[in-house]
Amino acid sequence: MQLALVVAGAPLLAGWVKSVKARLQNRRGPGPLQPYRDLRKLFMKQVLVADSASIVFRAAPYVVFTSTLLATAAVPLAVRDLPTAPVADIMVVVGLLALGRFFLALAGMDVGTAFGGMGASREMLISALAEPATLMAIFTLTMSAHSTNLSTVVGFQLTQGLVLHPSYLFALMGLVLVAVAETGRIPVDNPATHLELTMVHEAMILEYSGRHLALMEWAAWLKLTLYGVLIANVFFPWGIGETTDPGAFGIGLAVIVAKLALLGLALAVSETVLAKMRLFRVPQYLNLAFLFALLGMLSFLILEVAA
Amino acid sequence: MNLTQLSLPEQAIFVLAALVLLVSFILLSQTRLTAAIHAFAWQGALVAVVAALVGWVGADAHLYLSAGLTLALKALLIPWMLHRLVRRLDMDAEREALVHPALVALTGTLLVVFAYWLVLPLERLAVTDTRNLLAISLATVLMGFWMLVVRAQAVAQVLGFMSIENGLFLGAVAATRGMPLVVELGVAFDVLVAMILFGVFFFQIRESIDSLDTDRLDRLAETEEEA
Amino acid sequence: MPAILAPILALLSAAGALAGARGLRLLGFPLFGLAGLAAILSGLGHLLDPTPWSLVLPMGLPWLHWHLRLDTLGGVLFLLIGLVTLAVALYGPGYVREFEHGRSRPEALALFGGLFLAGMLLVVLADDAFAFMVAWELMSLSSYFLVTYRHDQAANRRAGFLYLLMAHIGGLSILLGFAVLAAFAGGFDFAAMRAAEVPLAWRTIAFSLAFLGFGMKAGLVPLHAWLPEAHPVAPSHVSALMSGVMLKVAVYGFVRMTFDLVGGVHWGWGVAVLITGSVSALLGVLYALMQHDLKRLLAYHSVENIGIVFIGLGLALVFFGTGHPVLGALGLVAALYHTLNHALFKALLFLGAGAVLHATHERDMEHMGGLLKAMPWTGGFFLVGCIAIAALPPFNGFVSEWLTFQAALQAWVLDSGVLRVLLPVSAAMLALTGALAAACFVKVYGVAFLGLPRGRHVRKAREVGLGMRLGQGLLALACLAFGILPTVVAGLLAGVPRQLMGTGLPEAGAQGWLWLTPISPATASYAAPLVVLGLALAWAIAALWLRRGEVREVSRCEPWDCGFSRPGPGMQYTATAFAQPIRRVFGMLFQIDEGMRGEQGRQRFHLQVGDRFWGWLYLPVERLVNAAARRVTFLQAGRLRAYLGWSLGTLLVLLWVAA
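Rules and cut-offs
Residues numbered from 1 in each chain as written. Chains lettered and ligands numbered in written order. Predicted model: local features only at pLDDT ≥ 70, side-chain atom pairs only at ≥ 80, totals over all residues. Heavy atoms only, no water. Helix = DSSP H or I, 4+ residues; strand = E, 2+ residues; numbered from the N terminus. Rg over C-alpha atoms; globule rule 2.2 N^0.38 Å. Core = buried A, V, L, I, M, F, W, Y, C linked by side-chain atoms within 4.5 Å. Buried < 20%, exposed > 50% of the residue type's maximum accessible area, 1.4 Å probe, protein only. Contact = heavy atoms within 4.5 Å. Buried area = accessible area lost by both parts, 1.4 Å probe. Salt bridge = Lys/Arg side-chain N within 4 Å of Asp/Glu carboxyl O. Nonpolar A, V, L, I, M, F, W, Y, C, P; charged D, E, K, R; others polar. Pairing = 2+ DSSP bridges. Axes fitted to C-alpha atoms, helices over the stretch in contact; angles between N-to-C directions. Parallel < 35°, antiparallel > 145°, perpendicular 65-115°, else oblique. Left-handed = near helix turned anticlockwise from the far one by under 90°. Arc of directions from axis to C-beta. Patch = residues over 30% accessible without salt bridge, like charges linked within 9 Å, V, L, I, M, F, W, Y side chains within 5 Å. Areas by Shrake-Rupley, 256 points an atom, 1.4 Å probe, with all protein chains shown as cover.

S.K.: Can you explain the overall build of chain A? Please cite residues and give values.
M.R.: Looking only at helices and strands, chain A has 11 helices and one strand in total. Each helix (α) and strand (β) of chain A, taken in turn from the N terminus, gives the series α-α-β-α-α-α-α-α-α-α-α-α. Expected size for 307 residues packed as a compact globule is a radius of gyration near 19 Å; at 19 Å, chain A falls within 12% of this value. Each principal axis of the C-alpha atoms in chain A carries an extent, and together these give about 60 × 45 × 40 Å.

Written out as C-alpha cells, the structure reads:
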C-alpha cells in the first residue's frame, strides 16, 4: 500500500523539482505531471535494442527497477511500523541500491559503445567514493539508536523528542551530499544534459528505448524519492504515523508530502545556483561528505556517549 | 552523559562547539584567502555565542562581556583588518595548493581523536560535559597548530594562530566558566597588538622576499651564500 | 563417516599418475571427486554433531605418533575443501584434456594435485604440531610443483621460486610459534598446548609469530607479493584450489592457533589484525582494479577478501579480549562465513577464467569482449560469481559482509574511546573496499563478457564442455544457497565459537529460519529468502504487466553512433580506460609509469602500474640479503680442506654449547 504510493508518487517529485527549477530560471517549464505523460508515451512505444546487446542489456531494466523498488519497500513513509521493514535493514537497502547500480553499469557496457563504458566507469567511481561516507553517516545514526532497522531508528528519534545532536547535524550534511551524488543531480551529474562528455547516468542509459527506458527513468526517480524520504523521516521524523489506522496514515502521508515538497524545493534552488563540477573535483566533494560523516561519528563519540 | 538529560541551551552549546570544530576543518582545507578569513570570522562568532550561552546557563554575567569582546574582536575587527591587508597586498584572488588535501584533513581527524584520548583521563576531575567541551577546544588548538605546519602562506598562518587562540578561549570558557576579566582583557589586547604587528611584518616580509610564502624565508638564511 | 577417508582417497588420486597420461582424467579426477564428497560428508557431520572425532596414527616419530582430530572448526574447513574439490573434479577432466598433448606431462598434475589435497586435509586434521608442520609442508611443496607446472616459461619459474621462498619463511615463523607453545606445554600435541598456562608476554610472541606465518601464507599486505605472481600461472583448476582453499587453510591455522591453542586473547592483537586486514582489503582491491590480466586480477582479489576475513577476525579478537563474548562470536562467525563464501565464489571465478582461457587462449582482458554470446553458460555462472564477490544481495558475499558490519556497529559497547573510533573507521574502509570491488567486477564482466569481441581468438570462442559447466554450476548454486539461507549457515557456523570459546550466537536463528538476527530482532534483521522472493515477484509483475498489449516485440537496430560511422570494437572502453579515474584518485598508492613513447608520428601510449610494496619492502630486503651474501663470500675459498675446517669448527662450537 505504502509502496504503491511511493512508486506512484516518485515521478511527481521529479516533475516538481523540474518545474520549480524552470520557474527559478525564469522559464515556463513543463508542469509537475509531465513525467507521467513521458512514462505513458514510453510504455506505448516500441522497444529498439542494439544488435550488439546481449541478454544482460534486456534484463538490466527489470533488475534495476525491482531492486530499487524493494529498497523503497523497507523505508517507512507515512507510518513508522512497516511490516516490510524487518525484512531489510538499512544496510540491505544500501546493498540493493548497489545491486541496481551494478546492473546499470553492466548495461552501459553491454552495447559496446564508448559512451556506455564512460558512464559506467564514472558511475562506479562516484559510487565507490560515496560508499564510505554513506556508511559513516548511517553508523552515526544507528549507533545512537543501537539498531539498523529503519523503523526502530525512526521510533528512537520520535521517543527522544527534540534533542540537538551535533552528530546528527554532521551526518545529515554528509548524507545530503551523498544523496546528491548518488541520485545524479547537479553538481555531480546533470540529469538534463545530453552533452556526451559530461553525462554519467544518461550515458549509461543512452541505448535504451521504450518500456526499458521507462523503467530505468522510473527507477532513477524512485531512488531520488527514496533518499528524500530517508532524509526526511530519519532526521525529521515528526508527523509520521505511529499506528496503521487510516487517520494516522492520512496525517503521516500529508506530512511526508509536505516534507518532500520542501526538500524538492531546496534541491531545485541548489541546482539553480550551482554549476556542475569537473569529474575530478567529485572526489574532493565526496571527501568532504566523508569528512562530515566522520566528524559526526567523532562528535557522537566525544560529546554524546557516556564514557 | 546523556544528551536527553540536558536542557536545550546546553545541547545547543554542544552543537555550536561541534561547529567550531567543523570551521577548523574548513580553515584547514580552504585554499582561498578571503574565504578562509570569512571562515575564521564565523569561528570567532561561534565561540562568542558559546561563551554567551555558557554564561546564560550558569548565570555568569561577566561571560556576556567576554562574549561581546570576542565577537567584536575576533568576528569583526580582526577579520576586517585582515581583509584590508589582503586587499592592500593585492592577494584577493590568491590561493595556495595543498599537496594532499585528503591527507591533511585525515591527519586533522587523527588529531581530534588524539585530543579526545588525552582528555579522557580527566574524567574524574571535571564534570563530563565540560570535559567533552575541553576535548573540542584542545582539538581546535591542535588543528590550529597543524594549520601552521601545513600552510606556507603567511596570512593563512596568522589565521591558524588566531584559531589556536579561539580554541584556548573555548577551553577556558568550558573548564572554568571563563577567566577573570582582567586576564581576558589582557589577552584580547595582546591579540590585537599581535595582529597589528603581523600586519607590519607582512609588509616587511614582502619587501624582503617579494612573497608571503614563508617557505621562502630560507633565503634569508646565512648559509645560502655558502651554498 | 570417518574423516580419514578423505585424505586417503586424495592420496589414492595421486596414484593416478601411475596410469600414464590419461590416468589423470580417467582415474585421478574421479578419486579427487570422491575425496571431496567424503570431506563434505564428514565436515557436515561434524557441524551437525559437535563431538570431535580423533585418531592416533602409528606414524611419525617413535615418541610422538600422529594425532588426528576433527572438531567443528575442522568441519567447516572440510566442508569448504570438499565443495571446491568436488567442483574441480567435475571441471578438471575437460580442462586438462589439452595438456595431454603438451610438453608438460599431466602425470605431474595428478601426483601433486592429489598430494596437495591430502596435505590440506591433513593440516585440518592434525592435532599435534609435528603432524601439522609435516602436512603444512606437504601442502606448500606440492603446490610449488603445481605453480611451476608450465616451467618452460621463465616467469613461471620465477613466480614459483618467490612462492617457495615466502612459504618457507612463513613456515619457519609458524614453527617458532609452535615452539613457544610447546616449551610451556611440555609436549607437541595440541591438547597439552590448550591446557598450558602461558604468560601474556609469551602468548603475544606466539600470536605474533602465528600472525606473521599464517598471514604470509594467506597473503596479507605487505606480505602478499607472492600471491598475484603464483596463483595466475598455475593451471586454472589449481588456481581455484590455491586461491579458494589453500588460503583458507592458512586462515584456519591462524584461527586454530590464536583462538584455540594460544587462548586468552588480548584486544591489542585484535587491533593489529583489524588494521592489517583493513589495509589488505583496500590495497588488494585497488591493485586488482589496475590489472587487465584476468587471473592476476582475481589473485589480487584474494588479497582483498582475505583482508575482509581478517577484519572479521580482528573484530572477534577485540570483542573477546574486552569481555564481550557474544559479539566476539559474531565476528568469528562473520569471518568464517566470509572464508566459506570466498572459497566458493573465488573458485567459481577462477574456473570461469579457466573456461575462457580454454576457449580463447587469452588471459588479457583487453583482447576479450562479447563472450557472453559465445559462452552463455560460463557467462551466466561468471556473472553469479561477480555479483557474489561484489557483495551484492541476494548472494552469499553480501551476507558475510553484512555480518561483519553488524559486528563493527556494536563498537559502542567498548569502553576505550579510541577503539570505538577505530572500529567504524575500519568498517568505512570495508565499505569503500566493497564498492571498489563492485567497480572492479563491472569492469571485468563488462569488458570480458559484454560488448563486442576485441580479438581474433575471442570471435571464434565456443562454449566449454559439459563437465566444465557442471563444475561451475555447482559452485554458482552453492553461492546462491549460502546467500539465501544465511540463518542455517550462520547457525551451523556458530558451533565453532561455541566449541572454541564457549559462546555461540543464541539469537541468530531465534526468529526461525527466515530471519537472520545476529544480536537481537530489534537491532538488525535480514530475511534473505523474502528479499529474493520480493525481487522475483516484482520482476514477474513488471514483466507481465509490460508485456501485454501490442508493442511486445523487440526489434533490433544499430547502436547510436552520433551520426558518424558505426561504432566498432576498437571504440569500446577498455579495462585500462575504465580504471583510469580510480587510478587518478588513488594515484599515490601505485607506482605509475605513464606517458608517450616512440618517435614523432608513431607515438604510443604506455602505462605500467606497479605494486609500491616492491620498492618499499622487498627490494630493500633483497639488497640487504645480497649485501650480507657478499660479506660471507670470503668463506667460498674454493679449497675443500678449508670447508672441512669450517665444518669441524662448527661441530666443536656446537658441542661446546651443548655441554
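S.K.: Describe the nonpolar core, and please don't skip the residues or the numbers.
M.R.: Among the nonpolar cores identified, the biggest contains 427 residues, and Phe102 of chain A together with Phe132 and Leu313 of chain C are the most heavily contacted of them. In terms of residue count, helix H13 (residues 325-360) of chain C provides more of this core than any other element does, 23 residues in total. When neighbours within four sequence positions are excluded, Leu313 of chain C is seen to be in contact with Val251, Phe254, Val255, Phe259, Val273, Leu332 and Ala335 of chain C.

S.K.: So, the interface of chain A and chain C: which residues are in play, and what are the values?
M.R.: Contacts between chain A and chain C engage 79 residues on the former and 79 residues on the latter. Surface buried jointly by chain A and chain C totals about 6,800 Å² across both partners, of which 74% is contributed by carbon and sulfur atoms. Counting the surface chain A buries against chain C, the share from its top three residues, Phe102, Met109 and Arg211 of chain A, is 9%. On the surface where chain A and chain C come into contact, there are zero salt bridges. For the side of chain A that touches chain C, the elements supplying multiple residues, two or more each, are helix H2 (34-44), strand S1 (47-50), helix H3 (55-73), helix H4 (90-110), helix H5 (114-145), helix H9 (210-235) and helix H11 (282-304) of chain A. Here the side of chain A that touches chain C takes 18 residues from H5 of chain A, the largest share from any one element. Taken together, the residues of the side of chain A that touches chain C break down into 52 nonpolar, 17 polar and 10 charged. Pairing between S1 of chain A and strand S3 (residues 554-557) of chain C: four bridges, direction parallel. Each residue of the ladder has a partner; that of Leu48 of chain A, found in S3 of chain C, is Ser555 of chain C.

S.K.: Please set out the environment of Arg420 of chain C residue by residue, giving values where relevant.
M.R.: Structurally, Arg420 of chain C can be placed in helix H17 (residues 417-448). Taking C-alpha positions, Arg420 of chain C is 9.0 Å from Gln410 of chain C, a pair spaced 10 residues apart along the chain.

S.K.: Describe the packing of helix H12 (residues 294-321) of chain C against helix H16 (residues 396-409) of chain C, with residues and values.
M.R.: All names here are of chain C. Between H12 and H16, the shortest axis-to-axis distance is 10 Å and the interhelical angle comes to 30 degrees. Our classification of the angle between H12 and H16 gives roughly parallel. For the pair H12 and H16, the crossing hand works out as left-handed. Residues Ile308, Ile311, Gly312, Leu315 and Phe319 of H12 pack against Glu401, Thr404, Ala407 and Ala408 of H16. When the residues that make up the contact of H12 with H16 are grouped by side-chain class, the tally is six nonpolar, two polar and one charged.

S.K.: How would you summarise helix H1 (residues 5-14) of chain C if you had to cite specific residues and measurements?
M.R.: Residues of H1 of chain C that are buried include every one of Ala6, Pro7, Leu9, Ala10, Ser13 and Ala14 of chain C, and no others. In a view along the axis of H1 of chain C, the buried residues occupy a sector of 160 degrees, so they form one face of it.

S.K.: Outline a nonpolar patch on the surface, supporting the account with residue identities and numerical values.
M.R.: Residues and elements named next belong to chain A. A cluster of nonpolar residues, Leu24, Leu262, Leu265, Val269, Val273 and Leu274, forms a patch on the protein surface that exposes about 530 Å² of accessible area. Element by element, the count of residues in the nonpolar patch is highest for helix H10 (residues 246-273), at four residues. Look at Val269 and you get partly exposed, because its relative accessible area is 37%.

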